[in-house]
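Listed below are the residues making up each chain.
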Amino acid sequence: MSKYIPSPANWVAEQVELYEGSGGTQGTTLKDSGLPVVIVTLRGRKTGAVRKTPLMRAVDDGNYILVASMGGAPKNPVWYYNLKADPNVEIRDETNVFDIRVREISVSNEKQRLWDIAVAAYPPYQEYQDKTDRVIPVFIAEQSS
Ligand code: F42
């Protein structure tokens, strides 16, 4: 079993601790927004360590949509590169936990469809896209394989 390295961002590490420590019954929303969050457990591509990344919950017909927005920052979050290197993740959605494979969506019509669902779930994603020059990557985690 690999070592777990918490996020260097304290508010993120604290949310993970509360969410996972409570078995998915506490800390399951983003701050004051009340909007639901999932925890994605993945592997660091250089350290091989276990990393845990909270993301907003956006779902298309039972499949989770993962949006690498990082608040509209100019660079992709590091977890984007970790997922490209190893797409096998665990997703915790409150008390439900799934082992699942993710893939990046680049086909434009499918990406637009998933993007629209993600923005409906979390409207600030659109503001983040508008303020950055990069095209925000989107992954899908398909429950059925
Ligand atoms: N971020 C999003 O992008 N989208 C969301 O929808 C989102 C929602 C959300 C909700 C709640 C919450 O608490 C946080 C939320 N975040 C969301 C923030 C998200 O959880 C991440 O913190 C954020 O996207 C930044 O991701 P990051 O992977 O860049 O994390 C940074 C802080 C981090 O952990 N950096 C590490 C570090 O030490 O600087 C690197 C960790 C790492 O993966 N290292 C790799 C390794 O091998 O271990 C090496 C990677 C390499 O290539 O160098």
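Use the structure listed above.
Per chain, residues are indexed from 1 in the order of the written sequence. At least 70 in pLDDT is required for a residue's local features to be given in this predicted model, at least 80 for side-chain atom pairs to be given and counted, and no such filter applies to totals for whole chains, interfaces and linings, which use all residues. Calculated side-chain values reflect all of the structure's heavy atoms, with hydrogen atoms and water omitted.

Only runs of H or I of at least four residues qualify as helices and only runs of E of at least two qualify as strands under DSSP, and these elements are numbered from the N terminus. Its place among the elements puts S69 in the loop between β4 (63-67) and α2 (78-85). Only protein chains enter the accessibility calculation, which uses a 1.4 Å probe; a residue whose area is less than 20% of its type maximum is buried, one above 50% is exposed, and one in between is partly exposed. Judged by relative accessible area, S69 falls into the buried class, the value being 8%. Beyond its immediate stretch of four places on either side in the chain, S69 contacts Y125, Y128, R134 and I136. Contact between two residues is taken to exist if any of their heavy atoms lie within 4.5 Å; hydrogens are not considered.

For the rest of this paragraph, the subject is the packing of aromatic side chains. Between rings of Phe, Tyr and Trp, where Trp is taken as its six-membered ring, a pair exists when centres lie within 6.5 Å; planes separated by under 30 degrees are stacked, by over 60 edge-to-face, and by other angles tilted. In the structure shown here, the tally under the stated rule is seven aromatic pairs. With a centroid separation of 6.1 Å and 40° between ring planes, the pair formed by W79 and F139 is classed as tilted. Placement of the pair is W79 in helix α2 and F139 in strand β7 (residues 138-141), with a sequence separation of 60 residues. Summarising the burial analysis for this pair, W79 and F139 share the class buried. When the ring of Y80 is compared with that of Y81, the centres are 4.9 Å apart and the planes differ by 90°; the resulting orientation is edge-to-face. Here a set of aromatic residues connected by ring pairs shows up, and it is made of W79, Y80, Y81 and F139. Over the aromatic face of W11 sits the side chain of K31, whose NZ or CZ is 4.1 Å from the ring centroid. Whether a charge sits over a ring depends on NZ of Lys or CZ of Arg being within 6 Å of the ring centre and within 35 degrees of the ring normal. The ring of Y4 carries K52 above its face, with NZ or CZ at 6.0 Å from the centroid.

Here, strands pair whenever DSSP counts at least two bridges between them. If you walk across this open sheet you meet the seven strands as β2-β1-β5-β6-β7-β4-β3, and the pairing is antiparallel. The open sheet has two free edges, formed respectively by β2 (50-56) and β3 (59-60), since each of these has just one partner strand. Here β4 pairs with β7 via four bridges, running antiparallel. Note on β7: the bridge partner recorded for L66 is F139.

All we've got here are geometric facts, nothing functional implied.
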